[in-house]
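# Structural features, examined
So the chains spell out like this:
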Amino acid sequence: MSISPTSTTPTAATTDAATNTAQSKLSADYNSFLQLLTAQIKNQDPLKPMDSTQFVSQLAQLSQVEQSVQTNTNLKTIDAKLSAMGGMADVALMGKTVSLASDRIELRDGQASTSYELAAPADKVTAIIKTEDGTELRRITGLPGRSGEKIALNWDGRDSAGLPVPDDTFRVEIDAQDVDGNAVSYDTYPSTQVEQVRFSSQGQSLVLRNGEEVPSSLIVAVSG
């Protein structure tokens, strides 16, 4: 069964918080190390100065800590710039027709289309069109059972009684079974339009005409 994908990737806010915490700890460790080394040099016995080998080793450790702090700062700056660039790229998608893995299908002017891809060959394939609340409207039987390719699926906008259904967004399920009657998994790939790019503390997302809000990483094709 195909469902609208939900990203499980940590949010930008969570990542930033973790990065800030790590960098604060690293900076604190760096400052503590510097203070201890300075005190050690200042208070060493003039008659028994610090072993030069140990001193060089501590300086090397200090240098490594300093480089780690600087690397963290640089990486955070790069990440911010890449995020901004990604946001500008998303803006270019506004008004574009995009395809993504989703169980939604839009009926517009009495016509609706999507495509499905089977994980394995199927003996029987049926598409089930439902309303948002799960009410079944139509079954389309006898669909191709080829696997490894996206197969077009068209709906004429009529219910099981042959009556026209008002334009709206609906759900589509694929009931696919192999020769032994076992269920075959699938994905459906409808097309819709990008209406808005939304920026938030969690990053940017695309607001789609079919009612979904998804990250641009879930888009599999762009046209027009």
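Residues numbered from 1 in each chain as written. Predicted model: local features only at pLDDT ≥ 70, side-chain atom pairs only at ≥ 80, totals over all residues. Heavy atoms only, no water.

Counted according to the given criterion, the structure contains ten salt bridges. The salt bridge partner of Glu117 is Lys150, with a shortest N-O separation of 3.5 Å. Of this pair, Glu117 sits in strand E3 (residues 112-118) while Lys150 is found in the loop between strand E5 (136-140) and strand E6 (151-155), placing the two residues 33 residues apart along the sequence. Judged by relative accessible area, which is 47%, Lys150 ranks as partly exposed. Between Glu132 and Arg171 there is a salt bridge, with its nearest N and O atoms 3.1 Å apart. Highlighted residues: Glu132 in the loop between strand E4 (124-130) and E5 and Arg171 in strand E7 (residues 168-177), separated in sequence by 39 residues. Assessed through its relative accessible area of 42%, Glu132 is described here as partly exposed. (Salt bridge = Lys/Arg side-chain N within 4 Å of Asp/Glu carboxyl O. Helix = DSSP H or I, 4+ residues; strand = E, 2+ residues; numbered from the N terminus. Buried < 20%, exposed > 50% of the residue type's maximum accessible area, 1.4 Å probe, protein only.)

Membership of the largest hydrophobic core comes to 22 residues, with the highest contact counts inside it found for Tyr116, Leu118, Val125, Leu153, Trp155, Phe170 and Ile174. Where this core is concerned, the elements lending two or more residues are strand E2 (104-107), E3, E4, E5, E6 and E7. At four residues, the largest contribution of residues to this core is made by E7. Ignoring sequence-local partners within four residues, the contact set of Trp155 consists of Leu107, Gly110, Gln111, Ala112, Ile129, Leu137, Arg138, Ile140, Val165 and Phe170. Listed in part, the nine residues of the second largest apolar core include Leu93, Leu208, Val214 and Ile219. (Core = buried A, V, L, I, M, F, W, Y, C linked by side-chain atoms within 4.5 Å. Contact = heavy atoms within 4.5 Å.)

Nothing here speaks to function; it is all geometry.
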